[in-house]
Amino acid sequence: KKSVLLEGDQMIANGNVDVGKVQPSHQLDKLREERKTLPIYAFRERLLQDVEKNQVLIIVGETGSGKTTQIPQYLHEAGYTKGGKKIGCTQPRRIAAMSVAARVSQEMGVKLGHAVGYSIRFEDCTSEKTVLKYMTDGMLLREFLVEPDLASYSVVMVDEAHERTLSTDVLLGLLKDIARYRPDLKLIISSATLDAEKFSDFFDSAKILRIPGRRYPVDIHYMEAPQADYLDAAIVAALQVHVTQPPGDILVFLTGQEEIETAEEIFKHRTRGLGTKISELIICPIYANLPTELQAKIFEPTPEGARKVVLATNIAETSLTIDGIKYVIDPGFSKMKSYNPRSGMESLQVTPISKASSMQRAGRAGRTGHGKCFRLYTSYNYDSDLDDSTVPEVQRTNLANVVLTLKSLGIHDLVNFEFMDPPPCEALLKALELLFALGALNKVGELTKVGRRMAEFPVDPMLSKMIVASDKYKCSDEVISIAAMLSTGSSIFYRPKDKQVHADTARLRFHSGNVGDHIALLKVYNAWKEANYSTQWCYENYIQVRSMKRARDIRDQLERLLERVEIKLSSSNDLEAIKKAVTSGFFPHCSRLQKNGSYRTIKHPHTAHIHPSSGIMALEHHVLPRCVLYHELVLTTKEYMRQVTEIKPEWLVEIAPHYYQLNGVVEEDYSTSKKMPRGKGRTSTSKQIPNLVDYSICV
Ligand code: ADP
Ligand code: MG
């Protein structure tokens, strides 16, 4: 009797799945052998039995044991995709979804996008034939909107559940719910950490399968004193490893793209002076926006005699496994979202990691042999400053997007939604308040027509409101270009260190007339389009080609979605109309100039500054505008507003009268109802209308 495994192997060999690709058969053989060496391989039968017997299975296994790449394949081989049903596997990060899908398609000898595909926001690489679908957790969440029972799936695997991203947490709640009336749906929750009981408890004592990983000892080295500049310390440590330690690749954890690019430059500069006696150091960056062509590079085996240094964000903590790492350098930081529900301020900050994270990071050094981890902090820091584990995202983020999605799914009772860890009530209220202000919900919290349209767009509510509002101002064409440019996730302008002056001059051209950053982005997009989307044009104008291509893809999608919500594509060159459409979505993000040159956000008074990268600051004799709208706040050395446009104060009252009112109006209202406004009675200034000082808030 043939084992299931043999059948599986034959399936691959016979090309039972769509073979459209290039993978020569000897390489397929090699990959097949490699698959058998993974720790999970020995558990294949157990796993398939457990899945068959249980609707929900929790799987715990060390990073690199083969969970992500193998489990969906095993299930496919065992027949879970018969009749065209899909196996979905979610990832918190888009680059992990892409990279793993690419790997699995290679292992199966099929072309990516056919039997194996991936789906991430603004990029769908799947087809009718796709049966193994890797996707971000956020994308599966959106699939609920079109297929509330996920009928086309036979199995959903929520991978990297320990990351506890907002989307993963919401998914867990939704999946638990649909599992009740879809007994045929199998759920697999997989995690790299050992706190599986919590997941098991959440799914009514679901069975846990533990896959013991291969793990070699890792020596942990601490610093004797705290480091002032962790980036520099990390580079020094890596170079020291390179010149003093035996072969083995190095993994350095940094916090983001910019930092990684800086580190890359410094590495290149410093290794130049090392001379020929020192072996070659290959630098491999990896971060969310790394272009696909370069992603594969980190997985290429290091040539004999050379050493690889991988500069990675948190992504290499558990999402991606890079073979051959022997040394880990852990500065102890990552970029984390934080949210203050009281003020509604969300910001991305470089934050100390948790003990759990630092354990994961160290673990990356011990996959192939005895490894070393250099922690760039003291053991005292570790013991007393690091939290045990990271706070789940649901408890430190703006929930507006999720609340809108849940409302669109018909889930009204958010307080009783089953969250593994519930969000703070204050944050839920804030989200409801914002959605109400944007007109997405009515007074009793029901989805409005505007809200339903907004939910169609895979962007944050303020952006989707801006798009929906563009209909009224007859400028949807321009507004989706702006929305796309704001959604690329990477910078548009290129500013190389040795050509800053040229780059700045080029950039100023798009700011002529002091139009503000939003319109400048539109001008860039339009000029590029005019130049037939030329790459050469980008070089000449110091524009990032990659960001532009991404903006075009996003824009195409937004254009298709416009049609879905029956908004006509209309074009206008009335800049005021365009800015008003932007204001319709972003009126909660407005601030006014203070005497000392800083800004104060209007709604929840909070000091902020215009980011130096803003075109407003670039003009030679710039005058700070009195009232501005901003896209986002970032916290670096100061609290900065990024993507800033001047607006007229009176627009706020015109566009969002329920949100902003003239002080006088507020007082009149209250006086007629014989109630005093709480703590606000600035009668003396109310005569200087329409000076913004006179606007106060009344919701
Ligand atoms: P887990 O999900 O348990 O962390 P994976 O299934 O991601 O493990 O990885 C199993 C193996 O597959 C690892 O040894 C890794 O090196 C390899 N692998 C995964 N993704 C890729 C890729 N994109 N390119 C090359 N090898 C990969
Ligand atoms: Mg994995």
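Quantities reported herein were computed from a predicted structural model and do not represent experimental measurements.

Draft legend 1. Representation of the nonpolar core in the model. Counting 181 residues, the largest nonpolar core has Ala101, Val252, Val310, Ile329, Met466 and Ala483 as its most contacted members. A total of 9 residues in this core trace back to one element, the largest contributor, which is helix H5 (residues 94-108). The contacts of valine 252, once residues within four sequence positions are left out, are Ala234, Ala238, Val309, Val310, Leu311 and Ile329.

Draft legend 2. The pairing of strand E5 (residues 132-136), seen in detail. Burial within E5 is extensive, with 5 of its 5 residues counted as buried. Residues Leu132, Tyr134 and Thr136 of E5 are buried on one face, and the alternating residues Lys133 and Met135, pointing to the opposite face, are buried as well. Both strand E2 (residues 86-91) and E5 contribute to a ladder of 5 bridges, which runs parallel. Bridge assignment links threonine 90 to a residue of E5, and that residue is methionine 135. Bridging between strand E3 (residues 116-120) and E5 involves 4 bridges; their strand directions are parallel. The residue bridging serine 119 from the neighbouring strand is methionine 135, located in E5.

Draft legend 3. Here's a closer look at the environment of glycine 324. Along the chain, glycine 324 turns up in the loop between helix H12 (315-318) and strand E13 (325-330). In this structure, the C-alpha to C-alpha distance between glycine 324 and proline 247, residues 77 residues apart in sequence, is 9.7 Å. If sequence neighbours within four positions are ignored, glycine 324 has contacts with Asp249, Thr302 and Thr368.

Draft legend 4. Inspection of the site of ligand 1 at higher detail. Looking at ligand 1, there are 17 residues lining it, with Lys67, Thr68, Thr69, Arg103 and Phe299 nearest. Elements with a minimum of two residues in the shell around ligand 1: helix H4 (67-77) and H5.

Draft legend 5. Examining the environment of proline 148 more closely. Along the polypeptide, proline 148 turns up in the loop between helix H6 (137-146) and strand E6 (153-158). As a C-alpha pair, proline 148 and methionine 548 span 400 residues in sequence and 34 Å in three-dimensional space.

Draft legend 6. Focus on the UniProt feature "domain: Helicase C-terminal" (unreviewed entry) in the protein chain. Mapped onto this numbering, the UniProt entry annotates "domain: Helicase C-terminal" (unreviewed entry) at residues 230-410. Annotation note: span residues 230-410, helix share 35%, strand share 24%, distance between end C-alpha atoms 47 Å.

Draft legend 7. A look at the packing of helix H18 (residues 461-469) against helix H19 (residues 476-486). Packing of H18 against H19 brings their axes to within 9 Å, and their N-to-C directions diverge by 165°. As judged from the angle between their axes, H18 and H19 are roughly antiparallel. Here the hand of the crossing between H18 and H19 comes out left-handed. Of the residues in H19, those touching H18 at Leu463, Met466 and Ile467 are Val479, Ile480, Ala483 and Leu486. Taken together, the residues of the contact of H18 with H19 break down into 7 nonpolar, no polar and no charged.

Draft legend 8. The arrangement of the sheet that holds strand E17 (residues 590-593) in detail. If you trace the 5 strands once around the closed barrel, you get E17-E18-E19-E21-E20, paired in mixed fashion. Adjacent strand axes in the sheet meet at a mean angle of 50°, parallel and antiparallel pairs treated alike. The pairing of E17 with strand E20 (residues 627-635) spans 3 bridges and is classified as antiparallel. Bridge pairing in E20 links arginine 592 to cysteine 627.

Draft legend 9. How the structure looks around the sheet that holds strand E16 (residues 371-375). On the basis of which strands lie adjacent, the open sheet formed by 6 strands has the order E9-E16-E13-E10-E12-E11 and parallel pairing. Taken across any chain shown, the strands that pair with only one partner, and hence form the sheet edges, are strand E9 (218-221) and strand E11 (281-286). The mean inter-strand angle of the sheet, taken between neighbouring strand axes irrespective of direction, is 20°. Pairing between E11 and strand E12 (residues 307-312): 6 bridges, direction parallel.

What counts and how
Residues numbered from 1 in each chain as written. Chains lettered and ligands numbered in written order. Predicted model: local features only at pLDDT ≥ 70, side-chain atom pairs only at ≥ 80, totals over all residues. Core = buried A, V, L, I, M, F, W, Y, C linked by C-beta atoms within 7 Å. Buried ≥ 20, exposed ≤ 12 C-beta atoms within 10 Å, placed from the backbone. Helix = DSSP H or I, 4+ residues; strand = E, 2+ residues; numbered from the N terminus. Contact = placed C-beta atoms within 7 Å. Pairing = 2+ DSSP bridges. Near = placed C-beta within 6 Å. UniProt positions renumbered as here; feature names shortened; annotations may be inferred. Axes fitted to C-alpha atoms, helices over the stretch in contact; angles between N-to-C directions. Parallel < 35°, antiparallel > 145°, perpendicular 65-115°, else oblique. Left-handed = near helix turned anticlockwise from the far one by under 90°. Nonpolar A, V, L, I, M, F, W, Y, C, P; charged D, E, K, R; others polar.

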